[in-house]
Amino acid sequence: MSRRPDRPPASVRVPRFSLTERWAHRVTAGLMGVCVLTAACLYVPQLAQLVGRRALLVTVHQWAGVALPVPVLAALGSRALRTDLGLLNRFGPHDRRWLLAVLRRDGRRASRPAHKFNAGQKIYAAWVASATLVMLGTGLMMWFTHLTPLVWRTSATFVHDWLALTLGIVLAGHVGMALADPEARRGMRTGSVTRAWAEREHPLWAGEFSCVPGPSGTPPPPTGPRPTTTDPAPRGDAPRG
């Protein structure tokens, strides 16, 4: 049986992230890394003694934290980013199936359907975004001490410190999972992934691509379920009666 003409080869790469999304991710990751490293140097005595210059570390930590939301806010002009944010903010029946499979430790691919983002990625994105906003708010209370009462600043310090520790652990898990999946990292680095990886990890999303990208790398438009009919022949190759 011949392969369907609208089904691209498994090695063909399909677009996953736009250039704007990739740069927003890189800059955000860099700022988050600066926040984590400077926080570690401020709170771990051994690192504090090794690095020194506490005042400089505090300043770098403060400004990196304030700038943390800027890359995503600046990239909101990208339609691709707004579309992906909408997908991250939307849960469907397949996401519930994915979570139930995780809770039951069911590792079968068929039991974990996923669109462009699986349920775990959606929960992670929502949690990190919320934690970042809380960290920003509590950090500003600790920075501008004259704006809030002492009891507010004390509570903000407690929340900021413990949430920072939790955020560091979650980010370490995120980095560990990324290191375990080279194709996912390649997708964030280059903007495209192989169709085989997409069908294995995100089958509901991979089904939207029913044609092969052109030689210029132009991504194929999402077309929903694959059509059952073949495309018409080019005008120059039309059959003659």
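Nothing here was measured: the structure is a model prediction, and the numbers come from that model. (Residues numbered from 1 in each chain as written. Predicted model: local features only at pLDDT ≥ 70, side-chain atom pairs only at ≥ 80, totals over all residues. Heavy atoms only, no water.)

Turning next to helix 6 (residues 93-103). Within the sequence span of helix 6, burial applies to Asp95, Trp98 and Ala101. Taken down its axis, helix 6 places every buried residue within 120° of arc, on the same side. Seen from the buried face of helix 6, the exposed residues on the opposite side, beyond 90 degrees, are Pro93, Arg96 and Leu103. At the C-terminal side of helix 6, arginine 105 shows a positive phi close to 60°. (Buried < 20%, exposed > 50% of the residue type's maximum accessible area, 1.4 Å probe, protein only. Helix = DSSP H or I, 4+ residues; strand = E, 2+ residues; numbered from the N terminus. Arc of directions from axis to C-beta.)

Of all hydrophobic cores here, the largest spans ten residues; its members are Leu31, Met32, Cys35, Ala64, Leu68, Ala131, Met135, Leu163, Leu167 and Leu171. Elements that contribute at least two residues to this core include exactly helix 1 (19-43), helix 7 (119-143) and helix 8 (150-179). Contact partners of methionine 135, with chain neighbours within four places excluded, come to His160, Leu163 and Ala164. One finds Val193, Ala198, Trp205 and Phe209 within the second-largest nonpolar core, a separate group that totals seven residues. (Core = buried A, V, L, I, M, F, W, Y, C linked by side-chain atoms within 4.5 Å. Contact = heavy atoms within 4.5 Å.)

As a further point, take the packing of aromatic side chains. The geometry of an aromatic ring pair is captured by two quantities: the separation of the ring centres and the angle between the planes. The tally for this structure, following the rule as stated, stands at three aromatic pairs. Judged by centre distance (5.3 Å) and plane angle (85°), the rings of tryptophan 63 and tryptophan 143 are edge-to-face. Of this pair, tryptophan 63 sits in helix 3 (residues 54-67) while tryptophan 143 is found in helix 7, placing the two residues 80 residues apart along the sequence. Residue classification places tryptophan 63 among the exposed positions, given a relative accessible area of 52%. Overall, the relative accessible area of 25% leaves tryptophan 143 in the partly exposed class. Ring centres of tryptophan 143 and phenylalanine 144 lie 4.9 Å apart, and the angle between their planes is 20°; on these two criteria the pair is classed as stacked. Relative accessible area serves as the criterion here: at 32%, phenylalanine 144 is assigned to the partly exposed category. The rings of Trp63, Trp143 and Phe144 are connected pair by pair, giving a single aromatic cluster. One Lys or Arg, arginine 26, reaches over the ring of tryptophan 23 and ends 5.0 Å from the middle of that ring. The ring of tryptophan 98 is capped by arginine 112, whose NZ or CZ atom sits 5.9 Å from the centre of that ring. (Phe/Tyr/Trp six-rings, centres within 6.5 Å; stacked < 30°, edge-to-face > 60°. Lys NZ or Arg CZ within 6 Å of the ring centre and 35° of its normal.)

Bringing the side chain of aspartate 106 into the picture now. Tracing the sequence through the fold places aspartate 106 in the loop between helix 6 and helix 7. On the basis of relative accessible area, aspartate 106 is assigned to the buried category, the value being 18%. Here arginine 108 takes part through its side chain, which lies 2.8 Å from a polar atom of the side chain of aspartate 106. Setting aside its immediate chain neighbours within four residues, aspartate 106 contacts Ala101, Ser111 and Arg112. (Polar contact = N/O pair within 3.5 Å; in protein donor to acceptor, adjacent residues only side chain to side chain.)

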